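# Close look at the chain arrangement
Listed here are the chains, written in short residue letters.
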Amino acid sequence: MSAANLTLGSDLTKASQQAQLATPATPSASHGLASFPASSCSDDTESLDSYWALDESSPRGKQPAGLAALPGVDSCSPPAVPSAAAVAASPHFPVLVTAGHAPGVSLGCTGDSGCLPVNDGRPVPFESDLFQGQACVFIHGLPCAPPAALFSGKRRKSLLVVQGQFKRCVGYDDLVTGQEFERAKNLPPAWLLDNVLLKVARSMSPSMEVGPSRAPYMLMPVVAGCNEIHVAATSASAPPLTDPPREDMRLVDRDALSAGDGSPLPCDRRRAWYSDPKRRKGRCFEPGLVWTFYFYQHLVDISSYTLNMVYKFKLPNYLDGQPLQLMLKDRRQGCYLLRLNMWHEALLADAERAQQAQQQAEDL
């Protein structure tokens, strides 16, 4: 056995042993290679310019103004697979970020071929029945580089910032984030999925729920999985979208979410606190407050569509033409707060084949 094999075997053993220390919050079906967990919440970024479109004087308890006249995309039907020409023309080549299938969600700030801004700090306004707000997307490794301060010295490969107001209460157990797919192919061996990859994922996010291989998903409650969350009484006191991530949920539960000196409870402790389902029960994301969610991760390199977790996986080999998503969803109601697709040129051939097969099946 080579030294490389010995090292790999040692790494697998260590990863599996560490992962076994975590107990998933709920039972799950097996074999779903569908997502990447959130990373540690301890890496900060530097301040940049601010973008904010909601009413600056919006007080607690006031519903946000509607975006009925907002030009953009109404995601009421599944978007077509982007053409190779559209991806090639993307300023983010080989990546193209577009609206995902999310009935009732309206997006603004779309460019040609539905391309959404990435890395330039321009916010994407959006509105759904659940939420009104804005989102900023940053992806490391693209030709149009993100602001250096957001990634310099950090392991993170992507950052999504979502900020705005809920229109109704959404339960802490109900609002989830992660990945959902209709199908999968060429999944890694069951021993690798069950004994290593999923255990490592759950060790990083114990509240992760995993779906079956025929329609794989990996979902976790936002309150227990989001890297950092900030809650403000008004938009004037909310952080700019392109400022460093910051954690502060004291406004909704000062006793539980304050440190001993009165400062905000660190994000890793908040995530651990809400990993217990009993602490999520009966709680909700309140309307009338300005919520800012920071989702970042270091395991998936979007620019190459590779997953680096024990082994390195070329994701197009397993996703069957389906893009990774940036999404938040009320699973109780089955509706989305936001859903964006991160396409890669390596997905297109399989995506077009699957789309043609679906159309042929519908014509029968």
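Values in this document were obtained by computation on a predicted structure and should not be read as measured data.

## Side note on the pairing of strand β2 (residues 95-99)
Among the five residues that make up β2, five are buried, leaving the element largely enclosed by the rest of the structure. Bridging between β2 and strand β18 (residues 335-344) involves five bridges; their strand directions are antiparallel. Across the sheet, the residue bridging to Leu96 is Trp343, located in β18.

## Considering the sheet that holds strand β9 (residues 209-210)
Read from one edge of the open sheet, six strands run β2-β18-β17-β8-β10-β9, paired in antiparallel fashion. Two strands close off the open sheet at either side, each with one partner strand: β2 and β9. In the sheet, strand β17 (residues 324-330) pairs with β18 via seven bridges, with the strands oriented antiparallel. Across the sheet, residue Asp330 finds its bridge partner in β18, namely Cys335.

## Here's the deal with the pattern of salt bridges
Scanning all chains against the criterion turns up 16 salt bridges. Of the charged contacts in the structure, one is a salt bridge between Arg183 and Glu182, with a shortest N-O distance of 3.9 Å. Assessed through its relative accessible area of 24%, Arg183 is described here as partly exposed. One salt bridge connects Asp320 with Arg353, and the closest N-O pair in it is separated by 2.3 Å. With Asp320 in the loop between α8 (316-319) and β17 and Arg353 in helix α9 (residues 348-363), this residue pair connects regions lying 33 residues apart in the sequence. What makes Asp320 buried here is its relative accessible area of 9%. By relative accessible area, Arg353 is classed as partly exposed at 40%. Look at the salt bridges and you will find they share partners, linking Glu182, Arg183, Lys185, Asp320, Asp350 and Arg353 into a network.

## Focus on the sheet that holds strand β15 (residues 306-309)
Strand order in the open sheet formed by three strands is β14-β15-β16, with antiparallel pairing between adjacent strands. The sheet is open, and its two borders are formed by β14 (300-301) and β16 (311-314), each paired with just one other strand. Pairing between β15 and β16: four bridges, direction antiparallel. Directly across from Asn308, in β16, lies its bridge partner Lys312.

## A look at the state of the cysteines
Disulfides are covalent bonds that connect the sulfur atoms of two cysteines. Evaluation of the coordinates by the stated rule reveals zero disulfides. No disulfide involves Cys226; its sulfur sits 9.2 Å from that of Cys267, the nearest cysteine. Judged by its relative accessible area of 0%, Cys226 is buried. Of all cysteine sulfurs in the structure, the one in Cys169 sits closest to Cys284, which takes part in no disulfide; the separation is 3.0 Å. Since its relative accessible area comes to 19%, Cys284 is described here as buried.

## With respect to unusual backbone geometry
Glycine aside, residues mostly have negative phi angles, and peptide bonds mostly take the trans form. The peptide bond linking Phe93 to Pro94 adopts the cis configuration, its omega dihedral lying at 10°. For Pro94, the position within the fold is in the loop between α2 (84-89) and β2. Residue Asn119 is not a glycine yet carries a positive backbone phi of 75°. Within the secondary structure, Asn119 is located in the loop between β3 (106-107) and β4 (124-127).

## Description of helix α6 (residues 267-274)
Listing the buried residues of α6 in full gives Cys267, Arg270, Arg271 and Tyr274. The buried residues of α6 occupy an angular sector of 100° when the element is viewed end-on, so they sit on one face.

Parameters at a glance
Residues numbered from 1 in each chain as written. Predicted model: local features only at pLDDT ≥ 70, side-chain atom pairs only at ≥ 80, totals over all residues. Heavy atoms only, no water. Buried < 20%, exposed > 50% of the residue type's maximum accessible area, 1.4 Å probe, protein only. Helix = DSSP H or I, 4+ residues; strand = E, 2+ residues; numbered from the N terminus. Pairing = 2+ DSSP bridges. Salt bridge = Lys/Arg side-chain N within 4 Å of Asp/Glu carboxyl O. Disulfide = S-S within 2.5 Å. Arc of directions from axis to C-beta.

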